[in-house]
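Each chain is listed here by its residues.
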Amino acid sequence: MTAATPITLTETESGAQSLASGTAGHALLAVERAINGGANWTMAQHLIKQAAARVDAALHTGLYYGAPAIAFLLHSTMADGRDRYHAARQALDRHVRRLTRTRLAHATQRLHDGRPATFGEYDLFTGLIGFGALLQQFAPDSQEYGLVLCYLVELAHPRYHDGLHVPGWWVDHDPDPLYPTAGGHANLGMAHGAAGLLALLSNAARLGHQVPGQSEVIVWLCGWFDQWRQESRHGPWWPQWITRDELRTGHLTHGCPGRPSWCYGTPGIARALQLAAIATGDRARKTVAEHALAACLTSPQLDRLTDPGICHGLAGLYQTAHRAAADTASPVIAQQLPALADRLTATEDGDGDDSGFLTGTIGVRLVMETIRAGQTYTRWDACLLIA
């Protein structure tokens, strides 16, 4: 196992170390099964060897690809208290810390220059929120983790951009080529937006890790979500993003909720708000967040989901709801989980071209392990910011 930068990789080697769609995700499933007693370690060891044969540790890597992704995978092997892959983990951890510092330096310069952010700078998949989620798992007392939290506090602060007061994570680019947002947008989702920012800061506070301004930013972000919460007869919902015109007028240009997915929808946002409420001791907000998530578990909201995967399907909704249910004495979410599990189980043997973690069958099978065991042994869902 090597980890060097720069490094020239074959397409196969590069694809293998993708947590989202490659062998790394398959290995994560095998580790979960090995630790929960569903399989032996032979398959897990084989897949880890494939995923980590030659690790990319260049600047473009992130939680879902390269050295950070493999570090996340290897740390999951310690869930039963066994110190596996010690030397490899130490080498990768050094790379993760180096990458974090370099990425922070670039982000700090961008903030100093007054330029808008990009997903690649801050988001969960490729940015500093992802690095923060990883450091929260294996190095919560490190200087790098504290620096990431300080950066995220600064990132949240509103600023002026082209004459408009925008939130600090405002981006000029589109959320997706299929969905242009003239003049930029403020993303609200867990994968690329404010929910991910709120979830990481709230989890940090919940674990006792505080930096100056963190508590105030958590409260401010909760207020941001309050401002854009929409009501419907099927429960509250939030838009996926806010455009320049919507921010200027204070009104949405569309009036119906999207699908209740982990990545962009109400479930991920509601879980982030629940975590914030726990961190701040806000019982009223916690109740509102839990009822919003529970509403996603019933028809017709549930019928909006057309695929089983984690990112925007039934598996992601289940795992998010499972984690939220464990953090409340209210039965409002837990009562809905068996029916959702039945619905997901019915898709388990379905045909699908995507075998990956994020949108494919591997992610579904990981959630099925949660359903069967009643818990998640490796905390693999920490890479979703819900754990």
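Everything that follows concerns the structure shown earlier in this document.
As a starting point, this report considers the structure included with it. (Residues numbered from 1 in each chain as written. Predicted model: local features only at pLDDT ≥ 70, side-chain atom pairs only at ≥ 80, totals over all residues. Heavy atoms only, no water.)

Observations regarding the nonpolar core
If you look at the biggest cluster of nonpolar residues, it comprises 130 residues, and the most contacted ones within it are Y64, F225, W262 and F357. Counting residues per element, this core draws most heavily on helix α9 (residues 194-206), which supplies nine residues. The residues touching Y64, leaving out its near neighbours within four places in the chain, are Q17, S18, L19, A20, A69, L124, F125, F357, L358, C383 and L384. (Core = buried A, V, L, I, M, F, W, Y, C linked by side-chain atoms within 4.5 Å. Buried < 20%, exposed > 50% of the residue type's maximum accessible area, 1.4 Å probe, protein only. Helix = DSSP H or I, 4+ residues; strand = E, 2+ residues; numbered from the N terminus. Contact = heavy atoms within 4.5 Å.)

Let's talk about the packing of helix α4 (residues 67-76) against helix α7 (residues 128-138)
Two elements in contact, α4 and α7, have axes separated by 11 Å at closest approach and are oriented at 30 degrees. In terms of their interaxial angle, α4 and α7 are classed as roughly parallel. For the pair α4 and α7, the sense of crossing is left-handed. Taking contact as the criterion, the partners of P68, A71, F72 and H75 in α4 are, on α7, F131, L134 and F138. (Axes fitted to C-alpha atoms, helices over the stretch in contact; angles between N-to-C directions. Parallel < 35°, antiparallel > 145°, perpendicular 65-115°, else oblique. Left-handed = near helix turned anticlockwise from the far one by under 90°.)

Things to note about the side chain of T328
Its location among the elements puts T328 in the loop between α14 (314-326) and α15 (337-345). T328 sits in the buried class, given a relative accessible area of 14%. A polar atom in the side chain of T328 sits 3.0 Å from the backbone nitrogen of S330. Ignoring anything within four residues of it in the chain, the contact list for T328 reads Q274, K286 and E290. (Polar contact = N/O pair within 3.5 Å; in protein donor to acceptor, adjacent residues only side chain to side chain.)

Looking at helix α2 (residues 23-35)
In a regular helix each residue adds 1.5 Å, so 13 residues correspond to 18 Å; α2 covers 18 Å between its end C-alpha atoms and thus fits that length. Of all 13 residues making up α2, 11 are buried, and the element is well covered by its neighbours. Buried residues of α2: T23, A24, G25, A27, L28, L29, A30, V31, E32, A34 and I35, and no others. Where α2 is buried, its residues contact α1 (11-16), α3 (41-51), α4 and α16 (361-373). (Expected span 1.5 Å × (residues − 1).)

As for the pattern of salt bridges
Taken as a whole and assessed by the stated rule, the structure comprises 20 salt bridges. Three or more residues are tied together by salt bridges with common partners; here these are D226, R229, E231, D282 and R285. (Salt bridge = Lys/Arg side-chain N within 4 Å of Asp/Glu carboxyl O.)

Notes on helix α8 (residues 143-156)
The terminal C-alpha atoms of α8, which comprises 14 residues, lie 20 Å apart, in line with the 20 Å expected from a rise of 1.5 Å per residue. Counting buried positions over the 14 residues of α8 gives 10, a clear majority of the element. Along α8, the positions that sit buried rather than exposed are E144, Y145, G146, V148, L149, Y151, L152, V153, L155 and A156. Residues of α8 that are buried in the fold lie against α5 (86-113), α6 (119-122), α7, β3 (159-161), α9 and α10 (214-228).

Focus: the packing of aromatic side chains
Under the counting rule described, the total for this entry stands at 11 aromatic pairs. Ring centres of F119 and Y122 lie 6.2 Å apart, and the angle between their planes is 90 degrees; on these two criteria the pair is classed as edge-to-face. Of this pair, F119 and Y122 both sit in helix α6, three residues apart, which is roughly one turn of the helix. Considered together, F119 and Y122 belong to a single accessibility category, that of buried residues. Look at W241 and Y264: their rings are 5.7 Å apart centre to centre, the planes differ by 80 degrees, and that puts the pair in the edge-to-face class. With W241 in strand β6 (residues 241-243) and Y264 in the loop between α11 (244-249) and α12 (266-280), this residue pair connects regions lying 23 residues apart in the sequence. Residue Y264 is classed as buried on the basis of its relative accessible area of 12%. Here a set of aromatic residues connected by ring pairs shows up, and it is made of Y64, F125, W262, F357 and W380. (Phe/Tyr/Trp six-rings, centres within 6.5 Å; stacked < 30°, edge-to-face > 60°.)

Some details on the state of the cysteines
Enumeration over the complete set of coordinates arrives at zero disulfides. Looking at the unpaired C150, the closest cysteine sulfur is the one in C222, lying at 19 Å. Classification of C150 by relative accessible area gives partly exposed; the value is 34%. We note that C256 lacks a disulfide partner, and the nearest cysteine sulfur, in C296, lies 14 Å from it. (Disulfide = S-S within 2.5 Å.)

Focus on the environment of T42
Looking at where T42 falls in the secondary structure, it is placed in helix α3. Linking T42 and L152, residues 110 residues apart in sequence, is a C-alpha distance of 40 Å.

Quick look at the side chain of R285
Here R285 is to be found in helix α13 (residues 283-295). Overall, R285 belongs to the buried group, its relative accessible area being 19%. Ignoring anything within four residues of it in the chain, the contact list for R285 reads C222, D226, L273 and A277.

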